[in-house]
Amino acid sequence: MNLSLPENKRLRFLRWFDFRSGRLGMIAYILNRVTAIGLVVYLYLHLAVLSILAGGPAQWDAFVQIARSPLFLTLDVILLAGILIHGLNGLRIALTGFGVGVRGQKPLFVAFMLVAAVALIAGALKIFAG
Amino acid sequence: MALNVTLKIFRYRPNQPARCDTFDVTVPDAANVLDAIEQAWDKHDRDLMFRHACHHASCGTCAVRINGREKLPCIAPVRDYLDGGKPITIEPLRNFPIVGDLVVDVTGLFQRQEATGFVITRPTEDSLDGKRVDHTQCLAPASAAIVPFNRFENCVECGICLSACPTMAADDKFFGPAGLAAIQREVDKTDDPNARARLLDLADDEQGVWRCHSAWECTEACPQNVNPAEAIMDLRKQITARRFKKLFAR
């Protein structure tokens, strides 16, 4: 007998983003997933961009012009945010997995995100300063 | 003083569309949400399905979600949910098959607990005057042999941690916080190296501690301070240490 509500199993991953609890751990969990998906998409995008090299110097120079546009630089800042959040949050998870900072996982998350914010601001200034 | 509250309760029967019904109930000022649910059943709809037993957070039977968060309604005061006349939303636990209305099938939880092969009992607490009996004075000298096998548990097997866990939501094969916390407690209390190895193997499974993605929702939601997330981290530490030992023993 099927007791439960019918559901689309392919869409179950959407429950990763169930934000109803609104607690810090869940925020960290969702951030890790969003940034992970973003970084995977970026990886393929990066490979696609590199394939422009096969088109010769003229095509590459044209792309570099686009890459210097404010819109593209903003995307670079978003990429940096993803790397910092995912990397530092991953470090927090690894540390707690080794028994370090288990009781202080919330302050650890806040501290790492503050580090991420400072590094992001410095990185963004550097990116836009050229 | 009496409180007038509106309950918005999830309703479901197999092969019928799910819906929410609202019930206006009046309960005493000191009432808990479970009392309000019982009022709804008593005064409005005797078909309403919900579970309860002890009314004091001992049995874990009544666990539901109140305004989206997993709670034991038997110890959740109604006055904590008075929000300008807004209804209190009551839904069944997540990540379990729904039997009907607020009742879920918790068999999966008990099967996971059973896999660790232990019996759950509650710890004694300090007496009201803050004193604790030194058991070695009562049982010595036999107590020295008994102590390692006499650790008690807080878990009431309510299923709240499985409902709150986002990994569980996406993968129902995951062993889950309650089961992994149970393994950690067993590892902690056994002196038998074979039993310890078996339990760590169980936790080291593909669906064990490594499937957890550290959202800490289980610990946040647990009404009994079992702290499953910390238990999972402890198991990870022990499993990692065991792997390192194996690596350098070669």
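Residues numbered from 1 in each chain as written. Chains lettered and ligands numbered in written order. Predicted model: local features only at pLDDT ≥ 70, side-chain atom pairs only at ≥ 80, totals over all residues.

A.B. asks: Any chance you could explain the overall build of chain B here in plain terms?
C.D. replies: Counting its regular elements, chain B contains 10 helices and seven strands. Out of the 250 residues belonging to chain B, those deemed buried represent 40%. Within chain B, counting contacts between residues at least 6 apart in sequence, those at least 24 apart form 64% of the total. (Helix = DSSP H or I, 4+ residues; strand = E, 2+ residues; numbered from the N terminus. Buried ≥ 20, exposed ≤ 12 C-beta atoms within 10 Å, placed from the backbone. Contact = placed C-beta atoms within 7 Å.)

A.B. asks: What should I look at first to understand the overall build of chain A in this one?
C.D. replies: On a plain count of helices and strands, chain A comes out with four helices and zero strands. Taken from the N to the C terminus, the helices and strands of chain A come in the order α-α-α-α. By its C-alpha atoms, chain A is 65 × 45 × 25 Å across when sized along the principal axes. Across the 130 residues that make up chain A, the buried fraction comes to 17%. Of the contacts formed within chain A by residues at least 6 apart in sequence, a portion of 62% connects residues at least 24 apart.

A.B. asks: Could you clarify how one ought to interpret the environment of B:H55 in this entry?
C.D. replies: Residues and elements named next belong to chain B. As for its position among the elements, H55 is in the loop between helix 1 (33-44) and strand 3 (64-66). For H55, a count of 17 C-beta atoms within 10 Å corresponds to the partly exposed category. Considered as a pair, H55 and D35 are 20 residues apart in the sequence and their alpha carbons are 9.0 Å apart. The residues touching H55, leaving out its near neighbours within four places in the chain, are L34 and C74.

A.B. asks: Whenever I open this one, the nonpolar core confuses me. Can you help?
C.D. replies: One broad rule of soluble globular proteins: the nonpolar side chains tend to lie buried together. All names here are of chain B. L7, V33, A36, C161 and L180 are the most contacted members of the largest nonpolar core, which has 77 residues in total. There are two domains that each give this core at least three residues, and those are domain 1 (2-104) and domain 2 (108-118 + 155-249). If near-sequence neighbours (up to four positions away) are discounted, C161 is found in contact with P177, A178, C218, A221, C222 and P228. (Core = buried A, V, L, I, M, F, W, Y, C linked by C-beta atoms within 7 Å. Domains from an automatic or database assignment.)

A.B. asks: Can you help me understand the sheet that holds strand 4 (residues 69-71) of chain B in this one?
C.D. replies: Backbone hydrogen bonds hold the strands of a sheet together, and the pairing may be parallel or antiparallel. Residues and elements named next belong to chain B. Read from one edge of the open sheet, five strands run 2-1-5-3-4, paired in mixed fashion. Two strands bound the open sheet, and with one partner strand each, they are strand 2 (19-28) and strand 4. Ignoring strand direction, the axes of neighbouring strands in this sheet form an average angle of 35°. Inspection of the sheet shows strand 1 (residues 2-11) paired to strand 2 by 10 bridges, in the antiparallel sense. Bridged to I9 within strand 2 is D21. Contacts from helix 1 reach strand 1, strand 2, strand 3 and strand 5 (88-91) within the one sheet, and its direction differs from that of strand 2 by about 105°. (Pairing = 2+ DSSP bridges. Axes fitted to C-alpha atoms, helices over the stretch in contact; angles between N-to-C directions.)

A.B. asks: What exactly am I supposed to notice about the pairing of strand 1 of chain B here?
C.D. replies: The side chains of a regular strand alternate between the sheet's two faces. Relative to strand 5 of chain B, strand 1 of chain B runs parallel, the two sharing three bridges. Its bridge partner lying in strand 5 of chain B, B:L7 is registered against B:I88.

A.B. asks: Would you take a moment to explain the interface of chain B and chain A for this structure?
C.D. replies: The parts lose accessible area when they come together, and the size of an interface is often stated as this lost area. Across the contact, 25 residues belong to chain B and 22 residues belong to chain A. If you list the elements that add at least two residues to the side of chain B that touches chain A, you get strand 6 (98-100), helix 6 (166-170), helix 9 (217-221) and helix 10 (228-249) of chain B. It is helix 10 of chain B that provides the largest number of residues to the side of chain B that touches chain A, a total of six residues.

A.B. asks: Looking at this model, I keep getting lost on helix 7 (residues 177-189) of chain B. Mind explaining?
C.D. replies: An α-helical segment advances 3.6 residues per turn. Residues three or four places apart therefore align on the same side. Residues and elements named next belong to chain B. The end-to-end C-alpha distance of helix 7, which contains 13 residues, comes to 18 Å, matching closely the 18 Å that a straight helix rising 1.5 Å per residue would cover. Within helix 7, 11 of the 13 residues are buried, which leaves the element mostly enclosed by the surrounding structure. Taken as a whole, helix 7 has its buried residues at P177, A178, G179, L180, A181, A182, I183, Q184, R185, E186 and V187. The elements touched by buried residues of helix 7 are helix 2 (107-115), helix 5 (160-164), helix 8 (193-203), helix 9 and helix 10. (Expected span 1.5 Å × (residues − 1).)

A.B. asks: Got a minute to help me understand the pairing of strand 5 of chain B in this structure?
C.D. replies: Across two bridges, strand 3 of chain B lies against strand 5 of chain B in antiparallel orientation. Looking at the pairing, B:R65 lines up with B:E91 of strand 5 of chain B.

A.B. asks: Mind showing me how you'd approach the packing of helix 3 (residues 70-97) of chain A against helix 4 (residues 105-129) of chain A here?
C.D. replies: In helix packing, the relevant descriptors are the interaxial angle and the interaxial distance, both defined with respect to the helix axes. Residue and element names in this part refer to chain A. Packing of helix 3 against helix 4 leaves a shortest axis separation of 9 Å and a crossing angle of 155°. Between helix 3 and helix 4, the angle is such that the two are roughly antiparallel. Between helix 3 and helix 4 lies a crossing of right-handed hand. Judged by residue contacts, L73, D76, V77, L80, A81, L84, I85, L88, N89, L91, R92 and T96 of helix 3 engage Q105, L108, F109, F112, V115, A116, A119, L120, G123, A124, I127 and F128 from helix 4. Taken together, the residues that form the contact of helix 3 with helix 4 break down as 18 nonpolar, four polar and two charged. (Parallel < 35°, antiparallel > 145°, perpendicular 65-115°, else oblique. Left-handed = near helix turned anticlockwise from the far one by under 90°. Nonpolar A, V, L, I, M, F, W, Y, C, P; charged D, E, K, R; others polar.)

A.B. asks: Sorry if this is basic, but what is going on with the confidence of the model for chain B here?
C.D. replies: Close inspection of predicted coordinates is inappropriate for parts of the model with low pLDDT. All names here are of chain B. Counting all residues, the mean pLDDT for chain B is 87, and 86% of those residues have values of 70 or more. At the low end of the mean pLDDT range in chain B sits helix 4 (residues 143-146), at 48; at the high end sits helix 1, at 97. Confidence drops under a pLDDT of 50 for residues 145-151, and excluding neighbours within four residues, the segment shows five contacts in the predicted structure. Across the interface, the model reports ipTM at 0.78; the global pTM reads 0.81. (pLDDT = per-residue confidence, 0-100.)

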